[in-house]
Amino acid sequence: MLMTRHHVDVETLADFDHLLSHRATLSGVTMQSIDLRERTSELQRVSVLGALFLGCELAPGVSGDLQARGALVFPEVPTVPFDPYRAEPYTAAELFDTAAYADSFDARVYAWSRQHQKTHTVVDSIASALHDHAMTESLTEALAAVPLHHRVGIMGGHGSTRGSADYAQAANLGRAVARAGYAVFTGGGPGAMEAANLGAWLAPHDDYALPRALEILAAAPTFTPDIDAWADAAADVRRRWPLADATVRSVGIPTWFYGHEPPNQFATVIAKYFANPLREATLLERCQGGIVYLPGAAGTVSEVFMDACENYYAAEENIARMVLVGKAQWQQTLPAWPLLESLAAGRSMQNHIHLVDTVDEAIALLTGDSPA
């Protein structure tokens, strides 16, 4: 149950019962995705003026009664394959819920989203917008125990294949950052994003786990042409080295906008969005501890300058460190660094941008083992 100064969010039946055990009104309360069919008498005896019911199951006739008494009721949306009012982030097991990926929840929702892009019905647009709002709220709650400056982003190309040096580099970075006590944030997709989440997943395990996991994953380097082999290899790694505890070691924030690329299975918290701009903004704004940019292409370059824009206008105390890895990559192949330097010149962000050649240098900068 999430409480603010003027508002209470209730997301379980137990929290609903606890709330009504010491108050006689639901004014200012949001009930989200709760089965309240056995709580009709309780709903009838309390004031519901100003209460909000999002996707709750109600006994016949109760919805009309609640609305007549001043509540706002958003019903379930049976025409969409997802819960628009979902109260928590996803897990890999939920997204990959069938043996064949083509039949999975993740694939079904992507297929729906592609159809929605063609038809754009009002109901579907509202449902996807409500879902993304619910994702943002649930992500905030899931991260409540993670200090703001212990949230570090690792951005990089989706084209880094399992078995490559770039993939291993990103995995070692993710493990080192997680072992230093930081939560790793990525875009939740394949490539360097998967590798960073993998490293964080294996952080509590013995050192040998990561090189062995890299060997297992290398047998299915990419999700094409066989997405099931790619997914099965990841599931094998997760079975061999299960989640050690409930600590939030890494977060993946993927999108169905790029649904042809499946999400990776190694984030301990997965917040998947329909709207890619909202997803990008959500990802970057959560990385208050800084962001490492590994070699990538258009998506990574876009993230560099979205982050740079935020830092350009931010007060000094709110500037997040930016660490670009690979001097040849960022000075010659995709020369983002000269422009970034020019933007930062004479501004507070100047001392918060860094260009390094190795992941080890990036780790030292982030964890404080090297002067800023």
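Draft legend 1. A look at the overall build of the chain. Helix and strand content of the chain: 15 helices and 12 strands. For the chain, whose C-alpha radius of gyration is 22 Å, the value lies close to the compact-globule estimate of 21 Å for 372 residues. Dimensions of the chain, computed from the C-alpha atoms along their principal axes, are close to 65 × 50 × 45 Å. By the burial criterion, 51% of the 372 residues in the chain qualify as buried. Relative to all contacts within the chain whose residues are 6 or more apart in sequence, the contacts with residues 24 or more apart total 61%. As displayed, the chain offers around 16500 Å² of accessible surface, 54% of which is attributable to carbon and sulfur atoms. Computed over 25 positive and 43 negative side-chain charges, the separation of the two mean positions in the chain equals 1 Å.

Draft legend 2. Region of the structure containing unusual backbone geometry. The amide bond that connects T224 to the next residue, P225, takes the cis arrangement and shows omega of 5 degrees. Topologically, P225 is positioned in the loop between α9 (209–218) and α10 (227–240). Despite not being glycine, S33 shows a phi value in the positive range, around 55 degrees. Tracing the sequence through the fold places S33 in the loop between β3 (29–32) and α2 (40–45).

Draft legend 3. Highlighting the environment of E316. Structurally, the position occupied by E316 is in the loop between α12 (298–313) and β11 (322–325). When its relative accessible area of 46% is taken as the criterion, E316 is described as partly exposed. Along the sequence, E316 and C287 sit 29 residues apart, while their C-alpha atoms lie 15 Å from each other.

Draft legend 4. Geometry of α9. Listed in full, the buried residues belonging to α9 are A209, L210, A213, L214, I216 and L217. Looking straight down α9, one finds that the buried residues subtend no more than 160 degrees of arc, so they occupy a single side.

Draft legend 5. Spotlight on the environment of R39. Within the secondary structure, R39 sits in the loop between β3 and α2. Apart from residues no more than four positions distant in its own chain, R39 is found in contact with L13, F16 and D17.

Draft legend 6. Here's a closer look at the pairing of β3. Every second residue of β3 is oriented toward a common face, with V29 and M31 on one face and T30 and Q32 on the other, all of them buried. Sheet topology note: the strand β2 (residues 8–10)/β3 ladder contains three bridges and is parallel. Directly across from V10, in β3, lies its bridge partner M31. Since β2 and β3 lie parallel, the crossover through helix α1 (residues 13–20) that links them has a hand, and here it is right-handed. When β3 meets strand β4 (residues 52–54), the two strands line up parallel, connected through three bridges. Its bridge partner lying in β4, M31 is registered against F53. Read as a crossover between parallel neighbours, the route from β3 over α2 to β4 is right-handed.

Draft legend 7. Structural detail: the nonpolar core. Counting 94 residues, the largest nonpolar core has L198, Y293, L294 and L340 as its most contacted members. Among all residues touching L294, those that are not within four sequence positions of it are I154, M155, G156, Q169, A170, L173, A192, T300, V325, W330 and V359. Listed in part, the 21 residues of the second largest apolar core include V8, I34, V62 and L66.

Draft legend 8. Quick look at the packing of aromatic side chains. Scanning the entire structure with this criterion turns up 12 aromatic pairs. For the ring pair F223 and W230, a centre distance of 6.0 Å and an interplane angle of 75 degrees mean the geometry is edge-to-face. Of the two residues examined, F223 and W230, each falls in the buried class. Measuring from centroid to centroid gives 5.0 Å for F257 and Y258, while their planes differ by 70 degrees, and the two rings are edge-to-face.

Draft legend 9. Representation of the pattern of salt bridges in the model. One pass over the full model with this rule turns up 13 salt bridges. The closest approach of N and O atoms between R108 and D97, which form a salt bridge, is 3.6 Å. Highlighted residues: R108 in helix α5 (residues 105–119) and D97 in the loop between α4 (92–95) and α5, separated in sequence by 11 residues. Among the residues examined, D97 registers a relative accessible area of 38% and is labelled partly exposed.

Draft legend 10. Highlighting helix α15 (residues 359–367). Buried residues of α15: V359, A362, I363, A364, L365 and L366, and no others. Each element contacted by the buried residues of α15 is listed here: β6 (151–155), α7 (165–179), β10 (291–293), β11 and β12 (353–356). Where α15 ends, the next residue or the one after it, G368, has phi of about 85 degrees, a positive value.

Draft legend 11. Layout of the sheet that holds strand β8 (residues 250–252). Spatially, the seven strands line up as an open sheet ordered β9-β8-β7-β6-β10-β11-β12, and their pairing is parallel. Where the open sheet ends on each side, the last strands, each with one partner, are β9 (269–270) and β12. Summarising the sheet, β11 and β12 pair through four bridges and their orientation is parallel. Residue pairing across strands places M322 opposite I353, the latter belonging to β12.

Quick notes on the rules
Within each chain, residues carry numbers counting from 1 in the order of the written sequence. Restriction of local features to residues with pLDDT of at least 70 applies here, the model being predicted, together with a cutoff of 80 or more for giving and counting side-chain atom pairs; totals for whole chains, interfaces and linings are based on all residues. Hydrogen atoms and water are omitted, and side-chain values are computed over all heavy atoms in the structure. Secondary structure follows DSSP: runs of H or I at least 4 residues long count as helices, runs of E at least 2 residues long count as strands, and numbering of each begins at the N terminus. Radius of gyration means the value over C-alpha atoms here, while the globule rule gives 2.2 Å times the residue count to the 0.38 power. Between buried and exposed lies partly exposed: a residue is buried under 20% and exposed over 50% of the maximum accessible area for its type, with that area taken using a 1.4 Å probe on protein chains only. Whether two residues touch is decided by their heavy atoms; if any such pair falls within 4.5 Å, the residues are in contact. Only the protein chains shown count as cover for residues, with accessible areas throughout obtained via the Shrake-Rupley method and a probe of 1.4 Å. The sign given to each residue is positive for Lys and Arg and negative for Asp and Glu; His and the chain ends receive no count. Each charge is placed at NZ for Lys, CZ for Arg, CG for Asp and CD for Glu. Here the arc refers to the set of directions running from the helix axis out to each C-beta atom. For two strands to be treated as a pair, DSSP must find at least two bridges joining them. Note on handedness: a crossover is taken as right-handed if, strands pointing away from the viewer, the path from the first strand over the helix to the second is clockwise. Each nonpolar core is a collection of buried residues, namely Ala, Val, Leu, Ile, Met, Phe, Trp, Tyr and Cys, held together in the definition by side-chain atoms within 4.5 Å. Stacked, tilted and edge-to-face are the three classes assigned to paired rings of Phe, Tyr and Trp, where Trp is represented by its six-membered ring and a pair needs centres within 6.5 Å; plane angles under 30 degrees give stacked, over 60 edge-to-face, the rest tilted. Salt bridge, as used here, is a side-chain nitrogen of Lys or Arg placed within 4 Å of a carboxyl oxygen of Asp or Glu.

The analysis is restricted to geometry; functional conclusions fall outside its scope.
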